[in-house]
Amino acid sequence: MNSQSIHFRLIAWYAGVLLLVLLGFGAFTYTTLRFFGNQVLREAMAHRAQQIADLLSSDAAAKDPAYVAREIVKRYDPVTNDRFVRVSRADGKVLFLSSAPIDRSFVPEELPPWTSGRNGTASYQVTAPEGTRLLVATQRVPVRNETFLVEVGGTLTANARLLHRLLMTLLLGLPVVLGVVILGGYILTKRALQPVQTMMRGAQEITLRHLSRRLPTLHGDDEIAHLATVLNQMIARLDESFQNTARFTADASHELRTPLTIIRGELEAILLGQKLEPELRDTVASLLEEAERLVRIVEGLFALSRLDTGEAQTERVRFDLAKLAETTAEQMCLLAEVKQIELVYETATPVEIEADRSRLKQVVVNLLDNAIKYTPEKGRVSLAVRAQNGTAFMEVSDTGPGVSEAALPHLFERFYRADEVRSRKIDGAGLGLSIVHSICLAHGGSVSVDNISPTGCHVTVALPKAQ
Ligand SMILES: Nc1ncnc2c1ncn2[C@@H]1O[C@H](COP(=O)(O)OP(=O)(O)OP(=O)(O)O)[C@@H](O)[C@H]1O
Ligand SMILES: [Mg+2]
């Protein structure tokens, strides 16, 4: 899981907070329970000590020295109740010591005598050699000329067992609760963020060519649904502005075609019909060349804008791409011959595709035109068409200089011409490959350019084969 995602951060935050709360709560419960458990035992023991102190001060004790011991055993039964009772004189002589409890958790004789403490009640904790921990309440009792020390203790075993169980419950319960919270949080946030994923997928499919598409509309009235609506409105505005630009270019180039054709015709007529001064003839010829260049640019722009607006994708017929490539190559033979370039067509089996025939012819013309144009004299240009796994491939290779690595990613941009200095000597507007690219995309295909060693350029067009 991505640690930067909202998904992860939400779960981590809540799990962290919950862990701290549970740890704090557990520590608080543990210490409170231990404190009050000891407190209750201490108070009970102090109460007994007070009762034994009362026995010691009674008249019956004065008359009969065995009275106190008898009463302690009768009333408090230390053996059965796991209690420790010791009554001693100030000089340390023990007057009464309870017997070992039934569970043998401690031996009273082994417990060291208590030394500190003055008058009044106090308590201490002691660990028996058996490991049992006792909490002992003490009471000094002045009777006549003597001071007695009464000690009453109880084991802390029950408390310790309770605390141990609590600790175990917390230690085992904590991972379970955390697990449930993380799993629940994961499912809930995943469900809550699902629309965002849907929107992301939808947005990835919207490119300049698919601006008519919209993000999926989300049900509900939450922020994400509002975001989807706002984004869709933005895409609609982008779509409109893109369509306006494309329509403007289409209209402008369409309007320019007629006057340009007339200018070209008139210039041709002047050149053919009249006896002109050689200087003027050169000027008119140069004007005609520029007019032809303009016509080509305007035609290119018109083709591109029609492809942008989607108007050009109407005609879809089934035909053999291999045959089309071959006849087009034959028609362009003359162009190659002028530069003594060997134009090779590698024939293979027919490759049927379903497409706009005239646009595909334009693809072949533009690619061969480039190859012949940029390959030096006596070079070689080859054209091949083949099919592989439901895709038709058309490849044009030449023995020209190839394209620099820096220019490769920009070749399909409009008006882009690689290697300015060299390109300036060779006529062109930088629209040929953009048109090829647009036509390929409009047909659900692609085009790529790479260099071949030792020298040359290799263009591959891939189109879906007809079913
Ligand atoms: N076969 C090739 N060999 C070397 N460079 C090429 C080749 N094909 C294209 N290029 C480079 O890519 C650039 C863009 O090609 P593109 O066909 O788009 O424009 P152009 O040929 O310059 O002009 P247009 O095709 O509009 O007449 C060219 O200017 C050229 O630098
Ligand atoms: Mg070109």
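Trainee: Before we move on, can you summarise the overall build of the protein with the specific residues and values?
Mentor: A tally of regular secondary structure across the protein gives 11 helices and 12 strands. Taken against the 2.2 N^0.38 rule, which gives 23 Å for 467 residues, the C-alpha radius of gyration of the protein at 51 Å runs more than 25% over that of a compact globule. Across its three principal axes, the protein shows a C-alpha extent of roughly 165 × 50 × 45 Å. Within the protein, the proportion of its 467 residues that are buried is 37%. Relative to all contacts within the protein whose residues are 6 or more apart in sequence, the contacts with residues 24 or more apart total 60%. Element-wise, carbon and sulfur atoms account for 59% of the exposed surface of the protein, whose accessible area totals about 27600 Å². The averaged location of the 53 negative side-chain charges in the protein is 12 Å from the averaged location of its 51 positive side-chain charges.

Trainee: Explain helix 5 (residues 223–273) to me, and be specific about the residues and the numbers.
Mentor: In a regular helix each residue adds 1.5 Å, so 51 residues correspond to 75 Å; helix 5 covers 74 Å between its end C-alpha atoms and thus fits that length. A bend of about 30 degrees at Arg 257 is the largest found in helix 5, and the proline Pro 259 appears one to four places after it. If you follow the buried residues of helix 5, they end up packed against helix 4 (157–205) and helix 6 (278–309).

Trainee: Residue-level account of a nonpolar patch on the surface, with values.
Mentor: There is a patch of nonpolar side chains on the surface, built from Ile 6, Leu 10, Trp 13, Tyr 14, Val 17 and Val 21 and spanning about 600 Å² of accessible area. Structurally, the position occupied by Ile 6 is in helix 1 (residues 6–57).

Trainee: How would you summarise the packing of aromatic side chains if you had to cite specific residues and measurements?
Mentor: For the structure shown, the criterion picks out 3 aromatic pairs. For the pair Phe 84 and Phe 106, a centre-to-centre distance of 6.4 Å together with 80 degrees between the ring planes defines the contact as edge-to-face. With Phe 84 in strand 1 (residues 83–89) and Phe 106 in the loop between strand 2 (94–97) and strand 3 (121–127), this pair connects stretches of sequence that are 22 residues apart. Each member of the pair Phe 84 and Phe 106 is classed as buried. One cation-aromatic arrangement involves Arg 357 over Phe 319; the distance from NZ or CZ to the ring centre is 5.3 Å.

Trainee: Residue-level account of the nonpolar core, with values.
Mentor: Grouped together as the largest cluster of nonpolar side chains are 49 residues, with contacts concentrated most on Leu 360, Leu 367, Leu 368, Leu 383 and Met 394. If you tally residues by element for this core, the top one is helix 9 (residues 357–374), at 7 residues. Viewed by domain, this core spans two of them, domain 2 (223–309) and domain 3 (315–464), each represented by three or more residues. Not counting chain neighbours up to four residues away, the residues in contact with Leu 360 comprise Phe 319, Leu 321, Leu 324, Ile 353, Ala 355, Ile 439, His 443 and Leu 463. Formed by 23 residues, the second largest nonpolar core is a distinct cluster that contains Leu 41, Leu 55, Tyr 76 and Val 152.

Trainee: Let's hear about the domain arrangement of the protein: which residues, and what values?
Mentor: Per the domain assignment, the segments making up the protein are domain 1 (6–161), domain 2 (223–309) and domain 3 (315–464). The C-alpha centroid of domain 2 is placed 105 Å from the C-alpha centroid of domain 1.

Trainee: Describe the packing of helix 1 against helix 3 (residues 67–76), naming the residues involved and giving the relevant values.
Mentor: One way to put it is that helix 1 packs onto helix 3 with a least axis distance of 10 Å and a crossing angle of 145 degrees. Crossing handedness for the pair helix 1 and helix 3: right-handed. In contact with Arg 48, Gln 51, Ile 52, Leu 55 and Leu 56 of helix 1, helix 3 contributes Tyr 67, Val 68, Glu 71, Ile 72, Arg 75 and Tyr 76. Split into classes, the residues belonging to the contact of helix 1 with helix 3 amount to 7 nonpolar, 1 polar and 3 charged.

Trainee: Lay out the side chain of Ser 253 with the relevant residues and their values.
Mentor: Relative to the helices and strands, Ser 253 is located in helix 5. Taking the relative accessible area as the measure of exposure, Ser 253 reaches 3% and is therefore buried.

Conventions used here
Residues numbered from 1 in each chain as written. Chains lettered and ligands numbered in written order. Predicted model: local features only at pLDDT ≥ 70, side-chain atom pairs only at ≥ 80, totals over all residues. Heavy atoms only, no water. Helix = DSSP H or I, 4+ residues; strand = E, 2+ residues; numbered from the N terminus. Rg over C-alpha atoms; globule rule 2.2 N^0.38 Å. Buried < 20%, exposed > 50% of the residue type's maximum accessible area, 1.4 Å probe, protein only. Contact = heavy atoms within 4.5 Å. Areas by Shrake-Rupley, 256 points an atom, 1.4 Å probe, with all protein chains shown as cover. Lys, Arg positive; Asp, Glu negative; His and termini not counted. Charge placed at Lys NZ, Arg CZ, Asp CG, Glu CD. Expected span 1.5 Å × (residues − 1). Bend = angle between axes of the 7 residues up to and from the residue. Patch = residues over 30% accessible without salt bridge, like charges linked within 9 Å, V, L, I, M, F, W, Y side chains within 5 Å. Salt bridge = Lys/Arg side-chain N within 4 Å of Asp/Glu carboxyl O. Phe/Tyr/Trp six-rings, centres within 6.5 Å; stacked < 30°, edge-to-face > 60°. Lys NZ or Arg CZ within 6 Å of the ring centre and 35° of its normal. Core = buried A, V, L, I, M, F, W, Y, C linked by side-chain atoms within 4.5 Å. Domains from an automatic or database assignment. Axes fitted to C-alpha atoms, helices over the stretch in contact; angles between N-to-C directions. Left-handed = near helix turned anticlockwise from the far one by under 90°. Nonpolar A, V, L, I, M, F, W, Y, C, P; charged D, E, K, R; others polar.

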